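# A closer look at the structure
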Amino acid sequence: MNAIILSLTKIRETDAIVDLLTDADRIVHAYARNYRTSKKFPNGLELFSVYDVSLTSADNGHVWLNGAYSEQPFSKLVADVTSYACASALLETVNVAYAEDAPMPNLFRTMLQAFAAMEAAPDLSPLVHAWLEARIVYIQQLLPDIRFCAGCGKPLVRSSHFQQEQGFLCEACAHGDENVMEQVFPGIRRLVSTPLQTVLGAALKADAAEARQALLHSIARLLGCCLRDFSTRRTLKAHAFMGETVYSDASFLEVVGG
Ligand SMILES: [Zn+2]
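Residues numbered from 1 in each chain as written. Predicted model: local features only at pLDDT ≥ 70, side-chain atom pairs only at ≥ 80, totals over all residues.

## Focus: unusual backbone geometry
For Arg12, which is not a glycine, the phi torsion comes out positive at approximately 45 degrees. As for its position among the elements, Arg12 is in the loop between strand 1 (2-11) and strand 2 (15-22). Residue classification places Arg12 among the exposed positions, given that 7 C-beta atoms sit within 10 Å. Despite not being glycine, Phe48 has its phi angle at roughly 60 degrees, a positive value. With respect to the helices and strands, Phe48 occurs in the loop between strand 3 (27-32) and strand 4 (49-57). Under the C-beta neighbour-count criterion, Phe48 is labelled buried, with 21 such atoms within 10 Å. (Helix = DSSP H or I, 4+ residues; strand = E, 2+ residues; numbered from the N terminus. Buried ≥ 20, exposed ≤ 12 C-beta atoms within 10 Å, placed from the backbone.)

## Quick word on the sheet that holds strand 5 (residues 63-73)
The pairing of strands in a sheet comes from backbone hydrogen bonds and takes either a parallel or an antiparallel form. Spatially, the five strands close up into a barrel ordered 1-2-3-5-4, and their pairing is mixed. Within this sheet the neighbouring strands show an average axis-to-axis angle of 45 degrees, counted without direction. Where strand 3 meets strand 5, two bridges bridge the pair, whose relative direction is parallel. Residue pairing for strand 5: Ala32 is matched across the bridge by Leu65. Along the sheet, helix 1 (residues 81-97) makes contact with strand 1 and strand 2, crossing strand 1 at roughly 85 degrees. (Pairing = 2+ DSSP bridges. Axes fitted to C-alpha atoms, helices over the stretch in contact; angles between N-to-C directions. Contact = placed C-beta atoms within 7 Å.)

## Some details on helix 6 (residues 209-230)
If you check helix 6, its first and last C-alpha atoms are 31 Å apart, about what 22 residues at 1.5 Å a residue would give, namely 32 Å. Within helix 6 the residues assigned to the buried category are Leu216, Ser218, Ile219, Ala220, Arg221, Leu222, Leu223, Gly224, Cys225, Cys226, Leu227 and Arg228. (Expected span 1.5 Å × (residues − 1).)

## Here we look at the confidence of the model for the protein chain
The pLDDT averaged across the protein chain works out to 88; a share of 93% of its residues lies at or above 70. Least confident of the elements in the protein chain is strand 6 (residues 161-163), whose mean pLDDT is 56; most confident is helix 2 (residues 107-120), at 97. (pLDDT = per-residue confidence, 0-100.)

## What to know about the pairing of strand 5
For a regular strand, the rule is simple: side chains alternate between the two faces of the sheet. Of the pairings in the sheet, the one linking strand 4 to strand 5 comprises nine bridges and is antiparallel in character. Note that in strand 5 the partner of Tyr51 across the bridge is Ser70. Between the end of strand 4 and the start of strand 5, which pair antiparallel, lie five residues, with Gly61 showing a positive phi angle near 95 degrees.

## A word on the environment of Leu142
Position of Leu142 among the secondary structure elements: in the loop between helix 3 (125-139) and strand 6. Judged by the 19 C-beta atoms lying within 10 Å of it, Leu142 falls in the partly exposed class. Distance from Leu142 to Leu107, taken between C-alpha atoms, is 17 Å for residues 35 residues apart in sequence. Each residue touching Leu142, except ones within four places of it in the same chain, is listed here: Ala97, Val137, Cys226, Leu227 and Phe230.

## Here's the deal with the packing of helix 3 against helix 4 (residues 184-193)
The geometry of helix 3 relative to helix 4 is characterised by a closest axis approach of 8 Å and an angle of 90 degrees between their N-to-C directions. Put simply, helix 3 runs roughly perpendicular to helix 4. Mapping the contact onto sequence places Ala130, Trp131, Ala134, Arg135 and Tyr138 in helix 3 and Ile188, Leu191 and Val192 in helix 4. Partitioning the contact of helix 3 with helix 4 into residue classes produces seven nonpolar, no polar and one charged. (Parallel < 35°, antiparallel > 145°, perpendicular 65-115°, else oblique. Nonpolar A, V, L, I, M, F, W, Y, C, P; charged D, E, K, R; others polar.)

## Section: the domain arrangement of the protein chain
Its domain assignment divides the protein chain into domain 1 (2-73) and domain 2 (75-256). Once you take the C-alpha centre of each, domain 1 and domain 2 turn out to be 28 Å apart. Listed per partner, the contact involves 14 residues of domain 1 and 16 residues of domain 2. For the side of domain 1 that touches domain 2, the secondary structure elements donating two or more residues are strand 1 and strand 2. A per-class count over the side of domain 1 that touches domain 2 returns eight nonpolar, two polar and four charged. (Domains from an automatic or database assignment.)

## Points about the pairing of strand 3
The sheet contact formed by strand 2 and strand 3 spans six bridges and is antiparallel. Pairing of Asp19 across the sheet is with His29, part of strand 3. Counting the residues that bridge the hairpin from strand 2 to strand 3 gives four residues, and of these Asp25 lies at a positive phi of roughly 60 degrees.

Right under this line is the structure:
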């Protein structure tokens, strides 16, 4: 079985609890013993690598990771801070948001597609991140309704206001300062309904890198907000790092609870 590591928590210098996303689109929490020295882990356990893993379940429900061989490392991801930050945020998104009872078809394959795209074009990593995160957040139903006003129920034609507790409000119902750019809703709808290659192709043709970056910034903030509300940890470290390095925005930390 193939899997990628979503997170690894060291226990006593030698062992670790590893959260894995398997090629069957399941998340498995497994215990790895002596992963740094054992011959059964010849490449160690690193993020951004596809492993051939061997898992066994004990009677008490615990899962053991008995060995892992690296099949396909995405080693270029760690060489660029933008792609590294965006790829890390995606791992965090899956770990926080993915629910077994509402599986996302082909999530594993889609993650590999996203990693490959980030390796090929590190500058477009924020777009790849937004593309996949929007899908995950949308499919896991963490995004408030982006079609109708949470106040009056009318269609959101040009909403510019977002309130976490209630969802989105139309201009007539909104009060206080605007906090979502008006292009954010159509932007998210487009990301969710368009294949990655089409989104990337359009970005490569268009000469509007700054405008794209501003829109992606707003989208990432909004998605981060929805994820943070859902996270039991109430703080998204990888997203905070992405806010700092990709968007150079300290207020991103407030949104994601850094
Ligand atoms: Zn309204």
